[in-house]
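In case you want the letters, here they are:
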Amino acid sequence: MNVLITGSMGQLGRSFRRSFLNLDHECFFTDLHGCEDVVPLDITDAGAVCSYVRDHGIDVIINCAAYTDVNKAEDEEELAFRINADAAGNLAAAAAETGAVLVHFSTDYVFDGKSHLPYSEDMPACPVNAYGRTKLAGEKAIEASGCRYMIFRTAWLYSSFGKNFVKTMVELTAERQEISVVYDQVGTPTYAQDLADTVAMIIDGGNLSCSGIYHYTDEGVCSWYDLAREVNDLLGHFCNVKPCRTADYPTRAARPHYSVLDKHKVRNVFGIDIPHWKESLYCCIDEMKKRR
Ligand SMILES: NC(=O)c1ccc[n+]([C@@H]2O[C@H](COP(=O)([O-])OP(=O)(O)OC[C@H]3O[C@@H](n4cnc5c(N)ncnc54)[C@H](OP(=O)(O)O)[C@@H]3O)[C@@H](O)[C@H]2O)c1
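Residues numbered from 1 in each chain as written. Predicted model: local features only at pLDDT ≥ 70, side-chain atom pairs only at ≥ 80, totals over all residues. Heavy atoms only, no water.

## Some words on the overall build of the chain
Quick note on the threshold: The helix count covers DSSP runs of H or I at least four residues long, the strand count covers runs of E at least two residues long, and both are numbered beginning at the N terminus. Summary of the burial criterion: residues with accessible area below 20% of their type's maximum are buried, those above 50% are exposed, and those between are partly exposed, where the area comes from a 1.4 Å probe applied to protein chains only. Contact definition: two residues touch when any of their heavy atoms are within 4.5 Å. Under the convention used here, a 1.4 Å probe and the Shrake-Rupley method define accessible areas, while residue burial counts only the protein chains that appear. As used throughout, the charge tally considers Lys and Arg to be positive and Asp and Glu to be negative, leaving His and the chain termini uncounted. For charged residues, the charge sits on one atom: NZ in Lys, CZ in Arg, CG in Asp, CD in Glu.
Looking only at helices and strands, one finds nine helices and 13 strands in the chain. Structurally, the chain occupies a C-alpha span of about 55 × 40 × 35 Å along its principal axes. Across the 292 residues of the chain, 53% fall into the buried class. The contacts in the chain between residues at least 6 apart in sequence include a share of 80% that link residues at least 24 apart. For the chain, the exposed surface amounts to about 13,000 Å²; the carbon and sulfur share of it is 50%. Computed over 28 positive and 41 negative side-chain charges, the separation of the two mean positions in the chain equals 5 Å.

In C-alpha cells:
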C-alpha cells in the first residue's frame with residue numbers, strides 16, 4: 001500500500017518511520033518543512049494536500065501533523081484551529097475524494113476530567129482548553145467528511161524524539177536537587193512507539209474498514225508526579241521529587257484533573273495487547289541511555 005505520513009518530523013511521525021521500516025509498504029514522509037527524505041507539505045493547504053494524495057496514489061493517510069503546544073494555543077487558538085481542525089478536514093476531504101483511509105490522532109484533552117471512571121469513546125466531550133477545542137473540532141470535521149477514518153485518541157505522549165515531559169524530567173532530575181511536580185492530574189503516559197507500532201500493525205493487517213474513534217494509551221494510571229518519580233528512579237538520579245497541587249503550579253491552559261481513557265474498544269476490535277506504561281517507560285529510557 002502507499003502510505004502518506006504527515007508531520008513525520010514530530011515525535012509520533014518519527015516513531016512511525018521506525019514502525020514501517022520492516023513492513024512492505026511504500027511510505028511517503030512529509031512535514032511543514034522538508035529535509036532529507038521528508039517532502040514539505042503544509043496540511044492547511046487544501047489544494048496541495050488533495051493533489052499530493054491523488055498524484056501519489058495514496059491508500060492510507062496517517063496524520064501526525066498537529067499544533068501541540070497546549071499553553072500557547074490559549075493565545076493562538078485561530079492558528080491551532082487551522083492546523084488541528086481545518087487541516088484535518090482537508091485531509092479527510094482528500095481521503096473522501098480518492099477513497100484513501102485517514103488515520104488521525106486526537107487527545108484525552110477533549111474531556112473535562114470531571115469523571116472518576118475511565119472515559120469511553122461515547123462519553124460526551126467537553127474540552128477545558130483551546131487545544132482540546134481545536135482537536136475536538138478536527139474529529140468532527142473528519143466525521144462529517146464521509147471518508148473512511150480511524151481516530152485514535154491518545155494521551156501524555158513521549159518518546160526519545162523532540163520535546164516532551166519525560167525528556168524534561170530526565171534533564172531536571174539530573175540537574176536539580178529538588179523539583180515539585182503536580183500529583184492531582186491523573187492519566188496514562190503513552191510511549192509514541194507503542195502507538196505507532198500498533199497502528200502500523202493494524203494497517204499492515206489490512207484492517208481498515210472499522211471507521212470510528214478509538215482510545216489508545218499505554219496501560220495503567222498515574223499522576224505527573226508518579227511519572228517524574230519513575231524517571232528519577234529508573235535513571236538512578238538523586239533528585240528529591242516532591243508532589244504539588246495544580247493550584248501551586250499555574251499554567252496558561254487549564255487541564256483535566258482526570259483523563260484516563262478506557263481501551264476496551266481498541267483491544268476488542270483489533271485484538272491487541274497494550275504494554276503497561278512502566279514497561280514502556282523503561283524501554284524509552286533505555287533507548288535514551290544507549291543514544292548518549
Ligand atoms: N504530545 C502529546 O502529549 C499528545 C497527547 C495527546 C494527543 N496528541 C496528538 O498526537 C499527535 C502527534 O503528536 P506529537 O506529539 O507527535 O506532535 P509533534 O511532535 O508536535 O509533531 C507535530 C508535527 O506536525 C508538524 N506540523 C505543524 N503544523 C503543520 C502543518 N501546517 N503542516 C504540516 N505539518 C505541520 C510540526 O512541525 P513544526 O514542529 O515545524 O511545527 C511537527 O513536526 C497529534 O495529533 C497530537 O495532537 C499528542
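## Concerning the packing of aromatic side chains
The line we're drawing: Think of it this way: a Phe, Tyr or Trp ring, Trp meaning its six-membered ring, pairs with another when their centres are within 6.5 Å, and the plane angle makes it stacked under 30 degrees, edge-to-face over 60, tilted otherwise. Note on geometry: a ring has a charge over it if NZ (lysine) or CZ (arginine) is within 6 Å of the ring centre and within 35 degrees of the ring normal.
For the coordinates displayed, the defined rule picks out 12 aromatic pairs. Ring geometry for Phe111 versus Tyr119: centroids 4.1 Å apart, planes at 15°, classification stacked. Taking the centre distance of 5.0 Å and the plane angle of 55° together, the rings of Tyr214 and Phe270 count as tilted. Taken together, the residues Tyr214 in strand β11 (residues 212-215) and Phe270 in helix α8 (residues 264-270) connect sequence positions 56 residues apart. One exposure class covers both Tyr214 and Phe270, and it is buried. Here the aromatic residues Phe16, Phe20, Phe105, Phe152, Tyr214 and Phe270 are joined through ring pairs into a cluster of three or more. Residue placement shows Arg17 over the ring face of Phe29; its charged tip is 4.4 Å from the ring centre.

## Considerations on the sheet that holds strand β5 (residues 101-107)
Note the following rule: Strands were regarded as paired on the criterion that DSSP finds at least two bridges between them. Fitted lines through C-alpha atoms serve as axes, helices being fitted only where they are in contact, and the angles separating the N-to-C directions of these axes extend from 0 to 180 degrees.
Read across the sheet, seven strands follow the order β3-β2-β1-β4-β5-β6-β11 without closing on themselves; strand pairing throughout is parallel. Looking at strand neighbours, the two that pair on one side only are β3 (39-40) and β11, the edges of this open sheet. Strands in contact with helix α6 (residues 192-204) are β4 (60-63), β5 and β6 (148-154); relative to β6, the strand with the most contacts, it is inclined by about 160°.

So, to be careful, I would describe these as geometric facts and stop short of saying anything about function.
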